[in-house]
Amino acid sequence: MKKRSLAFLVALAAIACTIMGTTACKKENPSFTIGIFQFTQHESLDAATQGFKDALTEKLGDNVTFDERNANGDRTTCTTVIDEFIYNDVDLILANSTTSLQITTAATSEIPILGTSVTEYSTALQLDDFDGTVGGNISGTSDFVPPSEQAALIQELFPDAKKIGMLYCSSEANSKYQVEALQKELTDMGYSCESYLFADSNDLSYATENAAAECDVIYIPTDNTIASCAGLIANICETEGIPVITGEESTCRVCGAATLTVDYYDLGYATGEMAARILIDGKDISTMPVQYASSFTKKYNAENCKQLGIKVPEDYIPLETE
């Protein structure tokens, strides 16, 4: 009888462990492997990854291991990375960038996925009636900057401009979302706006040359393709004397005059704190709303602004440049 009772209790414990999953079982042995998937090398994405790792390391110390991968913009590599994460049964995946999130969510509906450096989740994941919570195995943080504040920055710096060119990659859904939202704001202010799309880096030079020839100011959103080719934009626009407003500071440091930006390290850190609540506290990711940055900073490229003769208000912070 005692043996049967003991066996019954063991069976109950096993059932409870299965039901409670990460909450009950992993608390006794809190050792986790986290897959970190970055689509490409980029200063802002790197900062988000570092913030994420720092937050989890502070919570878990030596009990967390990071399997960090960078696809360097190669979609074939992306598939290999995610397949290996799934095969290795990682406890959670950080999808750093919109493309990373799209590829990861298409590959697994079981492993918890946290996105970061993603502008608009409903656009990236083609969600209807998005209320701030993705559901399923997905949540994360957003680098969305309100278009009204971006438009106000452009108006503050270029009140006499007539035409704003919107330069972005047609294959990046979040870039299109940012541009369309900003165009509405700028049009309401009386500006004329025109989009200059390119399919990949091979088309970027042609699109940039057209925008520089036809516009007074060029705006570029947080766009991975542009970020990797910012030097090309700088060469064209500096030659033509056309100012560029960017969606984040690392691109602005290369080719921009000014930006309204979030702190990507802080964004990644907040994502790491979300991961800790999932792994340590057993928080249900399906109920966790996407988190948005609460503050934005006006920054400017001092050298670029000097060359273009742009007078920058005192509340702008100069970017650190090499």
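Conventions and cut-offs
Residues numbered from 1 in each chain as written. Predicted model: local features only at pLDDT ≥ 70, side-chain atom pairs only at ≥ 80, totals over all residues. Heavy atoms only, no water. Helix = DSSP H or I, 4+ residues; strand = E, 2+ residues; numbered from the N terminus. Buried < 20%, exposed > 50% of the residue type's maximum accessible area, 1.4 Å probe, protein only. Contact = heavy atoms within 4.5 Å. Areas by Shrake-Rupley, 256 points an atom, 1.4 Å probe, with all protein chains shown as cover. Lys, Arg positive; Asp, Glu negative; His and termini not counted. Charge placed at Lys NZ, Arg CZ, Asp CG, Glu CD. Pairing = 2+ DSSP bridges. Axes fitted to C-alpha atoms, helices over the stretch in contact; angles between N-to-C directions. 1 Å grid on protein atoms, 1.4 Å probe; cavity = no way out; pocket = protein on both sides within 12 Å on 5 of 7 lines; lining within 4 Å. Points joined across faces, edges and corners; volume = space filled by probe spheres on them. Nonpolar A, V, L, I, M, F, W, Y, C, P; charged D, E, K, R; others polar. Salt bridge = Lys/Arg side-chain N within 4 Å of Asp/Glu carboxyl O. Parallel < 35°, antiparallel > 145°, perpendicular 65-115°, else oblique. Left-handed = near helix turned anticlockwise from the far one by under 90°.

Caption draft 1: Broad picture of the overall build of the protein. A tally of helices and strands in the protein yields 14 helices and 13 strands. Based on the C-alpha atoms only, the size of the protein along its principal axes is roughly 90 × 40 × 40 Å. The buried share of the protein, taken over its 322 residues, is 49%. For the protein, long-range pairs separated by at least 24 residues make up 72% of all intrachain contacts whose partners lie at least 6 apart in sequence. Surface exposure of the protein reaches about 15,300 Å², of which carbon and sulfur atoms provide 48%. Placing the 20 positive and 47 negative side-chain charges of the protein at their respective mean positions leaves the two points 10 Å apart.

Caption draft 2: Broad picture of the sheet that holds strand 11 (residues 291-292). Taken in spatial order, the six strands of this open sheet run 2-1-3-4-5-11, and their pairing is parallel. Edge positions in the sheet fall to strand 2 (64-70) and strand 11, since each has one partner strand and no second. Lying on the sheet, helix 5 (residues 98-107) is in contact with strand 1 (32-38), strand 3 (92-96), strand 4 (113-118) and strand 5 (138-142); it crosses strand 4 at an angle near 155°.

Caption draft 3: Spatial organisation of empty space enclosed by the protein. Per the counting criterion, the structure on display carries three cavities of 30 Å³ or more. Within this model, the largest cavity holds a volume of roughly 200 Å³. Lining the largest cavity are 21 residues, with Ser117, Asp143, Thr222, Asp223 and Asn224 positioned closest to its centre. Elements that contribute at least two residues to the lining of the largest cavity include exactly helix 3 (43-60), helix 5, helix 8 (173-188) and helix 10 (224-228). Among the elements that make up the lining of the largest cavity, the one with the highest residue count is helix 10 (three residues). Grouping the constituent residues of the lining of the largest cavity by class yields six nonpolar, 11 polar and four charged.

Caption draft 4: Here's a closer look at the sheet that holds strand 6 (residues 163-169). Across the sheet, seven strands lie side by side as 7-6-8-9-10-12-13; this open sheet has mixed pairing. With one partner strand each, in any of the chains shown, strand 7 (192-198) and strand 13 (317-318) form the two edges of the open sheet. Sheet topology note: the strand 12 (residues 297-300)/strand 13 ladder contains two bridges and is parallel. Bridging across to strand 13, lysine 299 finds its partner in isoleucine 317. Those strands touched by helix 9 (residues 201-214) are strand 6, strand 7 and strand 8 (217-220), and its axis lies near 165° from that of strand 7.

Caption draft 5: Just the environment of leucine 204, in detail. Topologically, leucine 204 is positioned in helix 9. Sequence separation between leucine 204 and lysine 184 is 20 residues, and the spatial gap between their C-alpha atoms is 24 Å.

Caption draft 6: Structural detail: the pairing of strand 10 (residues 258-261). In strand 10, alternate side chains face the same way, and those of Ala258 and Leu260 on one face and Thr259 and Thr261 on the other are all buried. Summarising the sheet, strand 9 (residues 244-246) and strand 10 pair through two bridges and their orientation is parallel. Directly across from threonine 246, in strand 10, lies its bridge partner threonine 259. Pairing analysis gives four bridges linking strand 10 to strand 12, with the strands arranged antiparallel. Looking at the pairing, threonine 259 lines up with lysine 299 of strand 12.

Caption draft 7: Representation of the pattern of salt bridges in the model. Scanning the entire structure with this criterion turns up 11 salt bridges. For lysine 53, the salt bridge identified is with glutamate 68, shortest N-O distance 2.9 Å. Placement of lysine 53 in helix 3 and of glutamate 68 in strand 2 is noted, with a sequence separation of 15 residues between them. In this structure, glutamate 180 and lysine 176 form a salt bridge, with 4.0 Å as the shortest nitrogen-oxygen distance. With a gap of four residues between them, glutamate 180 and lysine 176 both fall in helix 8, about one helical turn apart. Residue lysine 176 is classed as partly exposed on the basis of its relative accessible area of 43%.

Caption draft 8: Broad picture of the packing of helix 4 (residues 75-87) against helix 5. Their axes nearest at 10 Å, the elements helix 4 and helix 5 cross at an angle of 50°. Between helix 4 and helix 5, the crossing angle belongs to the class labelled oblique. The handedness of the crossing between helix 4 and helix 5 comes out as right-handed. Facing Arg75, Cys78, Ile82 and Ile86 of helix 4, the residues of helix 5 in contact are Thr99, Ile103, Thr104 and Ala107. For the contact of helix 4 with helix 5, the per-class residue count stands at five nonpolar, two polar and one charged.

Bear in mind that shape data such as this cannot, by itself, settle questions of function.
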